[in-house]
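What the coordinates show
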Amino acid sequence: MTNPIFRKEEVLVEALPFIQQFEGKTFVVKYGGAIMTDENLKSMIAQDVTLLRKIGINVVVVHGGGKEITSLADKLEIESKFVDGQRYTDENMRDVVQMVLAGLINKDIVRRINIHGGRAVGISGIDANLITVKNVNEELGLVGEVTDVNSSFINNLIQNGYLPVIAPIGVDENGTIHNVNADLAAGPIAASINAEKLVYITDTDGVQVNNERISHLTESESQKLINENIITGGMIPKVESALAAIDAGVQKVHIINGKVEHALLLEIFTKEGVGTEIVNE
Ligand SMILES: Nc1ncnc2c1ncn2[C@@H]1O[C@H](COP(=O)(O)OP(=O)(O)O)[C@@H](O)[C@H]1O
Ligand SMILES: CC(=O)N[C@@H](CCC(=O)OP(=O)(O)O)C(=O)O
């Protein structure tokens, strides 16, 4: 998908007040498996987050990788089952999740950011007890709900000029490793470090109603769309996690389409934006 055409100097001038406004602030950017199949897009997102970092915005990446987990599990003949959008995770599946998220995907993202000099460091929720969880329910097996985030570890990395790239795996109080839905990890991570923005990069033009993008949503409007089953499936954890993050002090949550080239830069640095922004009432 191509971008709308802007004159280059207009775009740069329009960006200036946003650059001033966000200098020194922290953005959490989550992206998932839905847009990880395209090599070109993966490299563009790495460029975009590096550019944000280079102009003085602190960036933390939280990544998913649901499609890649399913693909490796298929090869290993381990069946993928989902309950309410979350993957049933026994010990075998947990190993696959850990290999794919903390191994393949995490290091691929780090590599791509560092090509541009972005000083990315890949970590999982296991490192420094970054993500502490409690078991969600027996039906889901080893799936965790985030109870705590080691924010000082993330802040240390940021203060030392690193760009943390986080794989959503957590440990419970016994040190047992759990699979964590990446959308549900991104909200508490953003809240714990008082992020200015939480940006979900997915495969649709934000939240849609009757195939039309809604550019601006309040908390109550978002809740209404969930209650009316207009927001369904994979969009539910994003919006629910967004609402919790806003309640915890995150200023704005954006949901944007990663299939639009450089959507992240367009959303942050242009007045119109390209996705849906969710804000406090
Ligand atoms: N109202 C809605 N607006 C936009 N997308 C929606 C809506 N309701 C459900 N969805 C679904 O949510 C999906 C995005 O979630 P998901 O597939 O989990 O993406 P990701 O892998 O990026 O986390 C969209 O592809 C779309 O099918
Ligand atoms: C518990 C649970 O469902 N975990 C997810 C973790 C990856 C993820 O969330 O990836 P996306 O962002 O690409 O969907 C899973 O196993 O698929």
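Fair warning: this is a prediction, and the values are worked out from it, not measured in the lab. (Residues numbered from 1 in each chain as written. Chains lettered and ligands numbered in written order. Predicted model: local features only at pLDDT ≥ 70, side-chain atom pairs only at ≥ 80, totals over all residues.)

Another aspect to go through is the overall build of the chain. If you tally the helices and strands in the chain, you get nine helices and 16 strands. Oriented by its inertia axes, the alpha-carbon framework of the chain measures out at about 55 × 45 × 35 Å. Within the chain, buried positions represent 46% of all 281 residues. (Helix = DSSP H or I, 4+ residues; strand = E, 2+ residues; numbered from the N terminus. Buried ≥ 20, exposed ≤ 12 C-beta atoms within 10 Å, placed from the backbone.)

Sheets are built from strands that pair by backbone hydrogen bonding, the pairs being arranged parallel or antiparallel. Read from one edge of the open sheet, eight strands run E5-E8-E2-E1-E11-E15-E16-E14, paired in mixed fashion. Pairing within the sheet leaves two strands with one partner each, and these edge strands are strand E5 (120-124) and strand E14 (216-218). The mean inter-strand angle of the sheet, taken between neighbouring strand axes irrespective of direction, is 20 degrees. (Pairing = 2+ DSSP bridges. Axes fitted to C-alpha atoms, helices over the stretch in contact; angles between N-to-C directions.)

With that settled, the discussion passes to the packing of helix H6 (residues 182-192) against helix H8 (residues 235-247). At their nearest, the axes of H6 and H8 sit 8 Å apart, and the two run at 15 degrees to each other. Looking at the two axes, H6 sits roughly parallel to H8. When you trace H6 past H8, the crossing you get is right-handed. Residues Asp-183, Leu-184, Ala-186, Gly-187, Ala-190 and Ala-191 of H6 form the contact with H8, whose participating residues are Pro-237, Lys-238, Ser-241, Ala-242, Ala-244 and Ala-245. The residue inventory of the contact of H6 with H8, partitioned by class, reads eight nonpolar, two polar and two charged. (Parallel < 35°, antiparallel > 145°, perpendicular 65-115°, else oblique. Left-handed = near helix turned anticlockwise from the far one by under 90°. Contact = placed C-beta atoms within 7 Å. Nonpolar A, V, L, I, M, F, W, Y, C, P; charged D, E, K, R; others polar.)

Attention now moves to the nonpolar core. Residues Val-28, Val-29, Ile-189, Ala-190 and Leu-198 are the most contacted members of the largest nonpolar core, which totals 77 residues. Broken down by element, the residue count for this core peaks at ten residues, all from helix H4 (residues 91-115). With residues up to four places along the chain from it excluded, the contact list for Ala-190 reads Val-28, Ala-195, Leu-198, Ala-245 and Val-250. (Core = buried A, V, L, I, M, F, W, Y, C linked by C-beta atoms within 7 Å.)

Turning our eyes to something else, we now look at unusual backbone geometry. Note on backbone geometry: most residues besides glycine have negative phi, and most peptide bonds are trans. Notably, Arg-119 is not glycine yet its phi reads approximately 55 degrees, a positive angle. Relative to the helices and strands, Arg-119 resides in the loop between H4 and E5. Judged by the 17 C-beta atoms lying within 10 Å of it, Arg-119 falls in the partly exposed class. Positioned with a positive phi, His-262 is a non-glycine residue whose angle comes to about 55 degrees.

Around ligand 2, the surrounding shell holds 15 residues, and the nearest of these are Gly-32, Gly-33, Gly-64, Gly-66 and Ala-182. Secondary structure elements with two or more residues in the shell around ligand 2: helix H3 (66-75), strand E4 (86-87) and H6. In terms of residue class, the shell around ligand 2 is built from five nonpolar, eight polar and two charged. (Near = placed C-beta within 6 Å.)

To continue, consider the site of ligand 1. What surrounds ligand 1 is a group of 17 residues, the closest being Gly-32, Ala-34, Thr-202, Gly-234 and Met-235. Of the residues assigned to the shell around ligand 1, the class counts are five nonpolar, ten polar and two charged.

What follows deals with the environment of Arg-119. When the C-alpha atoms of Arg-119 and Pro-164 are compared, they prove to be 8.6 Å apart, with 45 residues separating the residues in sequence. Those residues in contact with Arg-119, other than ones at most four positions away along the chain, are Gly-161, Tyr-162 and Leu-163.

Contact pair helix H7 (residues 219-227) / H8: the axes reach a minimum separation of 11 Å and the direction vectors enclose 155 degrees. By the angle between their directions, the pair H7 and H8 is classed as roughly antiparallel. When you trace H7 past H8, the crossing you get is left-handed. From H7, Glu-219, Ser-222, Gln-223 and Ile-226 reach across to H8, where they touch Ile-236, Val-239, Leu-243 and Ile-246. Here the residues of the contact of H7 with H8 sort into five nonpolar, two polar and one charged.

The UniProt feature table records "domain: Aspartate/glutamate/uridylate kinase" (unreviewed entry) at residues 25-257. Structurally, residues 25-257 comprises 40% helix and 27% strand, and the distance from its first C-alpha atom to its last is 23 Å. (UniProt positions renumbered as here; feature names shortened; annotations may be inferred.)

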